[in-house]
Amino acid sequence: VLTDSMPAGCNLMPVIKANAYGHGDFEISAALNQMGINNFAVATADEAIRLRKFGITGEILVLGYTHPSRIKELHKYHITQTLADFNHAKIFEESLKNSKISLKAHIKIDTGMHRLGFSCESSREYIQAFSLKNIKITGIFTHLSVSDSINSDDIAFTKLQISRFQKVLDTVKNAGIKLPDTHIQSSYGLLNHTYIKCNYARVGIALYG
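Calculation criteria
Residues numbered from 1 in each chain as written. Predicted model: local features only at pLDDT ≥ 70, side-chain atom pairs only at ≥ 80, totals over all residues. Heavy atoms only, no water. Helix = DSSP H or I, 4+ residues; strand = E, 2+ residues; numbered from the N terminus. Polar contact = N/O pair within 3.5 Å; in protein donor to acceptor, adjacent residues only side chain to side chain. Contact = heavy atoms within 4.5 Å. Salt bridge = Lys/Arg side-chain N within 4 Å of Asp/Glu carboxyl O. Buried < 20%, exposed > 50% of the residue type's maximum accessible area, 1.4 Å probe, protein only. Phe/Tyr/Trp six-rings, centres within 6.5 Å; stacked < 30°, edge-to-face > 60°.

Student: How should the side chain of Thr138 be read in this particular structure?
Tutor: Mapping Thr138 onto the fold places it in strand S7 (residues 135-141). One polar contact links Thr138 to His106, side chain to side chain, over a distance of 3.2 Å. In contact with Thr138, other than residues within four places in its own chain, are Glu59, Thr80, Lys104, Ala105, His106, Pro180 and Asp181.

This is the structure in C-alpha cells:
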C-alpha cells in the first residue's frame, strides 16, 4: 500500500529509530535489506552503528545531531550524517581536515519546524556547504511539521513548507550544483501529500500499520 502511494521514481527510506518503534531494529532492517531496500534513516549515530554491526548494508542516514568528536566512528561504519546547520558543517569540515578522512552528509533545511536545519532563507550558507572539501553532500531534505493534520490551516502550512523547500532546490540548481537525493515526506507526509516528487520517502511508523 505504501509503495502504491509513492510517485514514480520515489523509493522507501525506512526509519529504523527507537528499536524500529519497538518492533526490533535487526529483524526489521534485515528483512528490508532482503527485500532490496538499501537506504535507511535513524535518529542517532549509536542506532546507525548498531545496524552496521548487525550487517545491514546500504546507506544509513543519521537524522539527528552528532558531535564532531565521533567522525572516526561515522567514517569507520560508513554512516551518512545530517548537517544540522552551517556551524555544524564548518566544525565537521575542520575536524575531518585534521583527521584526513571524508564523510557523506545530507543537508537539512528548516522550512518551518524550527528544530534543526539550515534556514531556508540562508542560501549563502547551504550553497557554501556543497563546496566543503571533506564532506560529500549526497542528499538534501526537510521535515513537514504538521503533515499528519487535515485541518485547513495546517494543510496550508504544509504547502508553504513544500514551496519553501522547492525554492531551495531551485536556488541550488541555479547555482550550477547538481541536486543530490531529495526527501521531504515522513509517514503522514506520504499518506496525505502523495503528489510530492522526491527521491525518497522517510517512512517510519506507517511501516507497521
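From this point on, the discussion continues.
Student: Just checking my understanding: could you explain the pattern of salt bridges for this structure?
Tutor: If the charged atoms of two oppositely charged side chains come close together, the side chains can form a pair. Applying the stated criterion across every chain yields a total of 6 salt bridges. A salt bridge links Asp25 to Arg50; the shortest N-O distance between them is 2.5 Å. Of this pair, Asp25 sits in helix H3 (residues 25-34) while Arg50 sits in helix H4 (residues 45-53); the two residues are 25 residues apart in sequence, bridging distant segments of the chain. The class for Asp25 is buried, based on a relative accessible area of 6%. A cluster of three or more residues bridged by salt bridges with shared partners is formed by Asp46, Arg70 and Glu73.

Student: What should I look at first to understand H3 in this one?
Tutor: Since the α-helix packs 3.6 residues into each turn, any two residues three or four apart lie on the same face. Along H3, the residues classified as buried are Asp25, Ile28, Ser29, Ala30, Leu32 and Asn33. If you follow the buried residues of H3, they end up packed against helix H2 (18-22), strand S2 (39-42) and H4. At the exit of H3 stands Gly36, carrying a positive phi of roughly 100°.

Student: In this structure, what is going on with H4? I would like to understand it.
Tutor: Buried within H4 we find Ala45, Glu47, Ala48, Ile49, Leu51 and Arg52. Looking at the packing, one finds that the buried side of H4 touches H2, H3, S2, strand S3 (59-62) and helix H5 (71-76). One or two residues past the end of H4 sits Gly55, with phi positive at roughly 95°.

Student: I would appreciate a short explanation of the environment of Lys90 in the present structure.
Tutor: Within the secondary structure, Lys90 sits in helix H6 (residues 86-99). Sequence spacing of Lys90 and Pro180 is 90 residues, and the spatial spacing of their C-alpha atoms is 20 Å.

Student: Can you walk me through the packing of aromatic side chains in this structure?
Tutor: Describing an aromatic ring pair means giving the distance of the ring centres and the angle of the ring planes. What the rule picks out here adds up to 3 aromatic pairs. For the ring pair Tyr21 and Tyr208, a centre distance of 5.9 Å and an interplane angle of 50° mean the geometry is tilted. Of the two residues, Tyr21 is situated in helix H2 and Tyr208 in the segment after strand S9 (200-201); the sequence distance between them amounts to 187 residues.

Student: For this particular structure, what's the right way to read unusual backbone geometry?
Tutor: Peptide bonds are, in most cases, trans, and in most cases residues other than glycine have a negative phi. Of note, Tyr21 is a non-glycine position whose phi angle comes to about 55°, a positive value. In this structure, His114 takes a positive phi of about 60° despite not being glycine. The topology assignment puts His114 in the loop between strand S5 (103-110) and strand S6 (118-119).

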